Amino acid sequence: MNMRWNLDALYTSFDAPEFIGDCRKLDSKNEEYENFAESLPAGGNIPELLKKYVALRSEITALTEKLICFANLSFCADTNNAKANSYIELIMVRQNRTSLADVRFIKWLAASGFDPETLRGTSLEDCIFHFEELITKGRHILDDQTEQIISDMKLTGSSAWMNLHNVLIGSLTGEISTANGRSEIKPISQIRTLAYSENAETRKKAYDAEMRAYRKVEKAAAACINAIKGESITLARMRGYASPLEMVLTKNRMEKSIIDTMFAAIKEYLPCFRAYYKKKAKMLGLSGSLPFYDIFAPVTTKAQSDFTYENAADFIVEKFSTFSRKLGDFARNAFENNWIDAEIREGKVGGAFCENLFAISQSRILANFGGSYNDVTTIAHELGHAFHGHCLSNNVILNTSYPSPLAETASIFCETIINKAALKEADKETSLAILEADISSAGQVIVDIYSRYLFETALFKARETAPLSPEQLCEEMTKAQIASYGDGLDEKVLHPYLWLIKPHYYNPDWNFYNFPYAFGLLFAKGLYAKYTETGSSFTEKYEFLLSETGKRSVTDVAKIVDVDLNDINFWKNSLELIKEDISKFLDL
Ligand SMILES: [Zn+2]
């Protein structure tokens, strides 16, 4: 089986006439769109104009996607590909051009007073949500001059502070003592990976080195986080949002009551996770509770790692088919038609991702397959993303983008199918390893994310009045971790500096980039719980749900499978699945 992907369905090369032709076509379509956006009349036949917009904007999206994905995928498969790299930049410049015209169009639509509901029953019915969303967006856009000032000042404001943080962390080193009594200077990223070391002494030393290193830059990092969050508060206010959180929720198509309900359920289940951390402390031979530096300590032998790529493909196709034939066939097709680049080779990027190519109704998956069980679940995860894309592909391309809380629905669902199947076949040792990996990552997504959400809420609240000192930031982080981890961790050995090292807090466009993780995991688990309850009648509804994720609010997407996201029991059912795993783990 070929372990490299084939991109010919996009283009055969950067010199191919099709590629050059599409670049030119994109330019001329952009020009047409600019002219269209500039000449929009105050009155006129709005539905006709919207029809033109949908046709033109869809074509631009499809072209841009094809071009940028080809460049990006070529680059990821071979980072020495200079041509790919330069095309990525060139196409991004074109994307900027499109978004300027977008702003014009959005402002016109918002000002027109048009009610998208009147499109019901017409050929544009499918785009009602899209237009409604644009109108809401338009209400928060300021006048041209102010928008220009904001984007110029951001470059020397939040973006500059983010860069400074990147430089600080990128060049930060720590001193760690070695076995022979000497010490070694290492980059902070390397020191942090030692948290996974099998050696208890190493983990503790790395943690101490980390804490010492952070103290060297805490004042500068505090200045960065205060500036970035301060700017977010100012901008949210200027744009007419009640808070930065409201701004994020609008973007994510959801209401605050949903995350309140979700976190209320999470709070009830924290004791289960704490029991897991306590058990982990025991397994590590500790007399007291677990210190933060042992959270990632390995406690089991590694899960089975003798999968060939062919075995992995068969395993995935077989297990996916137990859910639905469609899902199984879809995966087989992806393996057989070279949609996946799984080979490990020099020059290729690390990690894994899936790129959905709506313009050609296909996907490509990048992975680095080494034969471990974890590598198998990674491919299953990415295939989930691809299947999500497949279900969306009969929509107009403007209805194919979904908000981040829904982004992991299909991927985690597929991962769950694989994990449940593997657990059924596994011996005790392997079961323990699979469960541990699963619970440990759920712990991060549930328990740690809860602490991050509490921290960021407190940070924004305090920042409204004044900047926070490094001591205050550490104090808020510690408080949040105690509220979340409780007696699961040793209160005296937490991680007060997570605010300094987690990059999410420093990206001005990523405020509250925490609750979508918890939402994603629990939503997918909740759907799986529904599937086990209702059996095969669920599959069709599930596929329909995926196909609607680009054109409904999150609440309305959930309604498709009769889920009320404001009902705490839905979240409790999801958490119950994790609780079952934890109980199994404790018994083993
Ligand atoms: Zn994913």
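Residues numbered from 1 in each chain as written. Predicted model: local features only at pLDDT ≥ 70, side-chain atom pairs only at ≥ 80, totals over all residues. Heavy atoms only, no water.

**Regarding the coordination of the zinc ion**
Piece 1. At 2.1 to 2.8 Å from the zinc ion lie its protein donor atoms, namely His381 (NE2), His385 (NE2), Glu408 (OE) and Glu408 (OE).
Piece 2. With four donor atoms in place around the zinc ion and angles of 51 to 139 degrees between them, the coordination shape is irregular.
Piece 3. Mapping the donors of the zinc ion onto the primary sequence gives the spacing H-x3-H-x22-E. With His381 in helix α13 (residues 373–392) and Glu408 in the loop between α14 (404–407) and α15 (409–425), the pair connects residues that are 27 residues apart, well separated along the chain. (Donors = N, O, S within 2.8 Å, 3.2 Å for Na, K, Ca; no water. Tetrahedral: all angles 85-135°; square planar, octahedral: opposite > 155°, others 65-115°. Helix = DSSP H or I, 4+ residues; strand = E, 2+ residues; numbered from the N terminus.)

**Points about the pattern of salt bridges**
Piece 1. By the definition in use, this model includes 43 salt bridges.
Piece 2. Across the pair Asp294 and Arg203 runs a salt bridge whose closest N-O atoms are separated by 2.6 Å. Separated by 91 residues along the polypeptide, Asp294 in the loop between α10 (256–283) and α11 (309–323) and Arg203 in helix α8 (residues 200–238) bring together distant segments of the chain.
Piece 3. Exposure remark for Asp294: the relative accessible area of 3% places this residue in the buried category.
Piece 4. Residue Arg203 is classed as buried on the basis of its relative accessible area, which comes to 3%.
Piece 5. Between Arg325 and Asp329 there is a salt bridge, with its nearest N and O atoms 3.7 Å apart. (Salt bridge = Lys/Arg side-chain N within 4 Å of Asp/Glu carboxyl O. Buried < 20%, exposed > 50% of the residue type's maximum accessible area, 1.4 Å probe, protein only.)

**Here's the deal with the environment of His385**
Piece 1. The topology assignment puts His385 in helix α13.
Piece 2. Along the sequence, His385 and Lys29 sit 356 residues apart, while their C-alpha atoms lie 30 Å from each other.

**Some points on the packing of aromatic side chains**
Piece 1. Taken as a whole, this structure holds 47 aromatic pairs when the rule is applied.
Piece 2. Arranged with centres 5.3 Å apart and planes meeting at 70 degrees, the rings of Phe455 and Tyr505 form a pair that is edge-to-face. With a gap of 50 residues between them, Phe455 in helix α16 (residues 428–463) and Tyr505 in the loop between α18 (498–501) and α19 (515–534) connect regions that are remote in the sequence. The exposure classification of Phe455 matches that of Tyr505, with both residues buried.
Piece 3. Each residue in the set Tyr33, Phe36, Tyr53, Phe105, Trp108 and Phe131 is aromatic and connected to the rest through ring pairs, giving one cluster. (Phe/Tyr/Trp six-rings, centres within 6.5 Å; stacked < 30°, edge-to-face > 60°.)

**Topic: unusual backbone geometry**
Piece 1. Of note, Phe512 is a non-glycine position whose phi angle comes to about 50 degrees, a positive value.
Piece 2. Residue placement: Phe512 occurs in the loop between α18 and α19.
Piece 3. Located in the positive-phi region is Asp562, a residue other than glycine, with phi close to 60 degrees.
Piece 4. Position of Asp562 relative to the elements: it lies in the loop between α21 (554–559) and α22 (568–587).

**Some words on the domain arrangement of the protein chain**
Piece 1. Structurally, the protein chain comprises domain 1 (17–141), domain 2 (142–304 + 426–588) and domain 3 (309–425).
Piece 2. Taking only C-alpha atoms into account, the centre of domain 2 sits 24 Å from that of domain 3.
Piece 3. Between domain 2 and domain 3, the contact holds 35 residues from the first and 31 residues from the second.
Piece 4. Buried area between domain 2 and domain 3, both sides added, is near 3000 Å², and the carbon and sulfur share of it is 66%.
Piece 5. Contact with domain 3 buries surface across domain 2, with Tyr528, Glu543 and Leu546 losing the most and accounting together for 19% of the total.
Piece 6. On the surface where domain 2 and domain 3 come into contact, there are two salt bridges.
Piece 7. Of the charged contacts in the structure, one is a salt bridge between Lys420 and Asp581, with a shortest N-O distance of 3.6 Å.
Piece 8. The tally of links between domain 2 and domain 3 comes to ten residue pairs in polar contact (both at pLDDT 80 or more).
Piece 9. When residues of the side of domain 2 that touches domain 3 are traced back to their parent elements, those giving at least two are α16, α19, α20 (537–547) and α21.
Piece 10. Here the side of domain 2 that touches domain 3 takes ten residues from α19, the largest share from any one element.
Piece 11. Split by residue class, the side of domain 2 that touches domain 3 holds 19 nonpolar, eight polar and eight charged. (Domains from an automatic or database assignment. Contact = heavy atoms within 4.5 Å. Buried area = accessible area lost by both parts, 1.4 Å probe. Polar contact = N/O pair within 3.5 Å; in protein donor to acceptor, adjacent residues only side chain to side chain. Nonpolar A, V, L, I, M, F, W, Y, C, P; charged D, E, K, R; others polar.)

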